[in-house]
Amino acid sequence: MEPITIYKGRAAALDRKNVDTDQIIPKQFLKRIERSGFGEFLFYNWRFDEDGKERPDFELNQPHNQNTSILIAGENFGCGSSREHAPWSLKDYGFDIVIAPSFADIFKSNCMKNGMVPIALTQDEVKYLMERVSAPDYELTIDLPNQTLIDGQGFEVSFEIHPYWKEMLVKGWDEISITLQYDEEISAYEQQKKVVSST
Amino acid sequence: MGKSIIEKIWDRHIVNEEENKPDLLYIDLQYIHEVTSPQAFEGLRLKGRKVRRPDRTFATMDHNVPTVNRYFIEDDIARKQLEALDQNCKEFGIRLADLDSPEQGIVHVIGPELGLTQPGMTIVCGDSHTSTHGAFGSIAFGIGTSEVEHVLATQTLWQTKPKTLKLEVNGKLGQGVMAKDVILYVISKFGVDFGTGHIIEYCGEVFRDMSMEERMTVCNMSIEGGARAGLVAPDETTFSYIKGRKYVPKGVEFEQYVQEWKSLASDEDAVYDQEIILDGSLISPMVSWGTNPGMASGVDGNVPTFAEDIIDSKELNRALEYMGLEEGMPITNIPVQHVFIGSCTNSRIEDLRQAAEMIDGQTVQKGVRAMVVPGSQSVKRQAEDEGLDEIFKSAGFEWRESGCSMCLSMNPDAVPSGEHCASTSNRNFEGRQGAGARTHLVSPAMAAAAAIYGKFVDIRNLKKTEQVH
Ligand code: SF4
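Help me get a handle on the overall build of chain A, residues and values and all.
Scanning chain A for helices and strands turns up eight helices and eight strands. Evaluated residue by residue, chain A yields a buried proportion of 59% over its 199 residues. For chain A, the proportion of contacts with a sequence separation of at least 24, taken over those separated by at least 6, is 65%. Taken as a whole, chain A presents about 8400 Å² of accessible surface, with 46% of it coming from carbon and sulfur. With 21 positive and 33 negative side-chain charges, chain A shows a spacing of 3 Å between the two charge centroids.

Right under this line is the structure:
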């Protein structure tokens, strides 16, 4: 996983609430057995009409949202299905950071496993950013170690992230290799048979 | 201060506890299916890692499988995904209920059927409806593919302790009101994210009175309220359901387990982060009218109006446009062209019995296409033994093989664009049942009635209702 420390980029606004993972990546694209190549299917039914032509009114198809790498959306982003294809497709399309007032639990965790940072801000802060992002020179800087987000025009906020996930993202660690260092503890737990189960 | 069942199960599964770290939580059981696992197995292979506990892992094929001729998979990519699961299970020594297996079915239907799901366990699956298994008094939650790989390799997950939410529904449900209506009512009242960051404990008379299958319907949809997991404390209903199932301990050992399981119940002085108390007698049969499960109303109600200001006007506008509905229209005026009885929410034997009872010699309305997709091969066999398949078929329903089918339409079953489907599944998201498909979530009895009338009807006004609950 690529480490993330200071991140700079332009943002796109998707002013919709409760965007579910069925919209982020529709089911017909879940049949592949690879992790890569999902970007072209991101928001497929919103981006394209039945003939596969771009819908000009969809947010991400608008000219000012091209070449953006931060997605700003409404509350409860990523709800529904646990499909990790959702962050895979966002990342493959070019989004490394998602900002929203809140995220669905599984989506949030899936993002962090893929070197993406989900940043929860208040409704007002999100609204403030959404109103400004379309300006061509508007850029956001995220300082992950210090947990701050600035726009270079006087807007600065801090955000929460669990220290464990922060370290994982900043160092770009592979979580499984870390857990494998707990092999003894896991074996000891299994031997104690604290849990009743007969499988 | 006492502990809730959620904390009790959690604490028993902590392998490692450190400051500034989530808990390293032991996972008793992982279910696997074809869609969210191939990349996890590939990850293991790339790093030369093994599956730590194949004996605590169980796989099935469900999402992609055709429900007409199951051996004829037209879609090459879907077939490759099923083949990949087969190969992965062979390579890593994992039990698999494949298409030839009499145990095959939707992962959340077969786990409980086989007795793999037991009280007090931590259970995961790369599938958000893993919350279903909470019906047995276990902490069961959906995970992403990276986490699937993590559990395969280590049998653990790093998890921050969730908040707890006690959801108590008291009183008695009215006639014709089912488990599905209870959970749809809760989500419509509190929204699709009221449970975020929480595990729900369902308490109160309504859930105590429910059968295991009804509890599964409720817990299944915990995720639609944003909660990763929801559970019901195990009781005699639970123990008698699991007794004698394939993977459940037998004899004296079983009795010992029962004692252990009983001790899981929440202490009387347990404290929850949130508590909600509702009156079950106020619940009507529910129908979703919008594009998420929170957009639902009683069958005797109406689609909301902009003036009522219940839902953000932009969201309401988008939902009404997609669904092709007018603000304020009565739910019973919504036409129905398709009926789907199936999915991990409502495809078990009791669900099929309720639907069959509603049919009672009547036939599917002209112009309606209706199908029943049993949740598992075992449900299908039992339904056929009871003659339910004949009731459905002679009424004009299609009777299919088991699988996820039109719940997410990854296989060839789909609803055409612009048409309305009364569905016993759990998600009415845009495009879920096919591009442009308009899904309405309902109980099995409401779905069967919609098939007969070609629109939604308040089953409480039908004579048959008395027998349905
Ligand atoms: S029936 Fe539907 S919700 Fe359940 S596991 Fe299958 S696709 Fe998911």
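An account of the packing of helix 6 (residues 179-190) of chain B against helix 8 (residues 212-220) of chain B is needed here, citing residue identities and associated values.
Residues and elements named next belong to chain B. Look at helix 6 against helix 8: their axes get within 8 Å of each other, and the N-to-C directions meet at 25 degrees. It follows that helix 6 is roughly parallel to helix 8 by the angle criterion. The element helix 6 and its partner helix 8 pack so that their crossing is right-handed. Residues Ala179, Lys180 and Ile183 of helix 6 lie in contact with helix 8, whose contacting residues are Glu214, Thr217 and Val218. Across the contact of helix 6 with helix 8, the residue classes break down as three nonpolar, one polar and two charged.

Explain the side chain of B:Glu149 to me, and be specific about the residues and the numbers.
Following the sequence through the fold, B:Glu149 ends up in helix 5 (residues 145-154). When near neighbours in sequence (up to four residues on either side) are disregarded, B:Glu149 contacts A:Arg35, A:Ile176, B:Gln39, B:Ala40, B:Gly43, B:Leu44 and B:Arg49.

Describe empty space enclosed by the protein, and please don't skip the residues or the numbers.
Following the criterion strictly, the structure yields five cavities of 30 Å³ or more and no others. For the largest cavity, the calculated volume is near 220 Å³. Taken together, 23 residues form the lining of the largest cavity, with B:His63, B:Asp127, B:His129, B:Leu408 and B:Arg432 sitting closest to its centre. Residue contributions to the lining of the largest cavity reach at least three from each of two domains, namely domain 1 (5-274) and domain 2 (286-467) of chain B. The volume enclosed by the second largest cavity comes to roughly 190 Å³. Every residue lining the second largest cavity is counted, 15 residues in all, and those nearest its centre are A:Lys17, A:Asn18, B:Thr291, B:Glu315 and B:Glu430. In terms of residues, the lining of the second largest cavity owes the most to one element, helix 11 (residues 313-323) of chain B, which gives three residues. Class assignment for the residues of the lining of the second largest cavity results in five nonpolar, four polar and six charged.

Give me the lowdown on helix 5 (residues 123-132) of chain A, citing residues and values where you can.
Residues and elements named next belong to chain A. Those residues of helix 5 that fall on the buried side of the exposure criterion are Val126, Leu129 and Met130. In a view along the axis of helix 5, the buried residues occupy a sector of 100 degrees, so they form one face of it. Exposed residues on helix 5 whose side chains face more than 90 degrees from its buried face are Asp124, Lys127 and Glu131.

Just give me the short version of the domain arrangement of chain B, but keep the residues and values in it.
All names here are of chain B. One can read the domain layout of chain B as domain 1 (5-274) and domain 2 (286-467). Relative to domain 2, the C-alpha centre of domain 1 lies at a distance of 25 Å. Between domain 1 and domain 2, the contact holds 41 residues from the first and 46 residues from the second. Taken over both partners, the interface formed by domain 1 and domain 2 buries close to 3500 Å², and the fraction arising from carbon and sulfur atoms is 58%. Taken together, the links from domain 1 to domain 2 amount to one salt bridge. Between Glu224 and Arg427 there is a salt bridge, with its nearest N and O atoms 3.1 Å apart.

Tell me about the sheet that holds strand 1 (residues 14-16) of chain B, residues and numbers included.
Residue and element names in this part refer to chain B. Across the sheet, three strands lie side by side as 1-2-8; this open sheet has antiparallel pairing. Every other strand in the sheet has two partners, leaving strand 1 and strand 8 (156-159) as the edge strands with one partner each. When strand polarity is set aside, the average angle formed by the axes of neighbouring strands in this sheet is 40 degrees. Across four bridges, strand 2 (residues 23-26) lies against strand 8 in antiparallel orientation.

Tell me about the packing of aromatic side chains, residues and numbers included.
Taken as a whole and assessed by the stated rule, the structure comprises 26 aromatic pairs over all chains. Between A:Tyr44 and A:Phe48, the ring centres sit 4.9 Å apart and the planes meet at 45 degrees, which makes this aromatic pair tilted. On the basis of an interplanar angle of 20 degrees and a centroid distance of 6.0 Å, the ring pair of B:Phe239 and B:Trp261 is categorised as stacked. With a gap of 22 residues between them, B:Phe239 in helix 9 (residues 236-242) and B:Trp261 in helix 10 (residues 251-262) connect regions that are remote in the sequence. These aromatic residues form a ring-pair network of at least three members: A:Phe29, A:Phe41, A:Tyr44 and A:Phe48. If you follow B:Arg245 out to its NZ or CZ, it ends over the ring of B:Tyr241, 3.9 Å from the centre.

Scoring rules and cut-offs
Position labels on residues start from 1 in each chain and follow its written sequence. As they are written, the chains are lettered A onward and the ligands numbered 1 onward, keeping that order. Selection of residues for local features in this predicted model requires a pLDDT of at least 70, selection of side-chain atom pairs for listing and counting requires 80 or more, and totals for whole chains, interfaces and linings are taken over all residues. Derived side-chain values reflect all non-hydrogen atoms in the structure, with water molecules and hydrogen atoms excluded from consideration. Where helices and strands are cited, they refer to DSSP runs of H or I of at least four residues and of E of at least two residues respectively, numbered from the N terminus. Burial here depends on accessible area, computed with a 1.4 Å probe over protein chains only, as a share of the maximum for the residue type. Under 20% is buried, over 50% is exposed, and the range in between is partly exposed. Contacts were defined at the residue level, with two residues in contact if any of their heavy atoms lie within 4.5 Å. A 1.4 Å probe and the Shrake-Rupley method give the accessible areas. Residues count as covered only by the protein chains that appear here. When charges are counted, Lys and Arg contribute as positive and Asp and Glu as negative, whereas His and the chain ends are disregarded. In this description, the location of a charge corresponds to atom NZ of lysine, CZ of arginine, CG of aspartate or CD of glutamate. Here, axes are lines fitted to C-alpha atoms. For helices the fit covers the stretch in contact, and angles between N-to-C directions go from 0 to 180 degrees. The cut-offs work like this: below 35 degrees is roughly parallel, past 145 is roughly antiparallel, 65 to 115 is roughly perpendicular, and the gaps in between are oblique. Left-handed describes a crossing whose near helix is turned anticlockwise from the far helix through less than a right angle; right-handed describes the clockwise counterpart. Nonpolar residues are Ala, Val, Leu, Ile, Met, Phe, Trp, Tyr, Cys and Pro. Charged residues are Asp, Glu, Lys and Arg, and all others, Gly as well, are polar. Cavity and pocket criteria rest on a 1 Å grid covering protein atoms alone: a 1.4 Å probe that fits but cannot get out defines a cavity, protein on both sides within 12 Å along at least 5 of 7 lines defines an open pocket, and an atom within 4 Å of a point defines a lining residue. Grid points are joined across faces, edges and corners, and a volume is the space filled by probe spheres set on the points. Throughout the structure description, domain borders are defined by an automatic or database domain assignment. Note that the arc is computed from the directions linking the helix axis to the C-beta atoms. By definition, the buried area sums, over both parts, the 1.4 Å-probe accessible area that each loses when the two are put together. Salt bridge, as used here: a side-chain nitrogen of Lys or Arg that lies within 4 Å of a carboxyl oxygen of Asp or Glu. One bridge is not enough; two strands pair if DSSP finds at least two bridges between them. Stacked, edge-to-face and tilted are the three classes for Phe, Tyr and Trp ring pairs, Trp counted by its six-membered ring, which pair at centre distances within 6.5 Å; planes under 30 degrees apart are stacked, over 60 edge-to-face, the rest tilted. Placement of a charge over a ring requires the Lys NZ or Arg CZ to be within 6 Å of the ring centre, with the centre-to-atom vector within 35 degrees of the ring normal.

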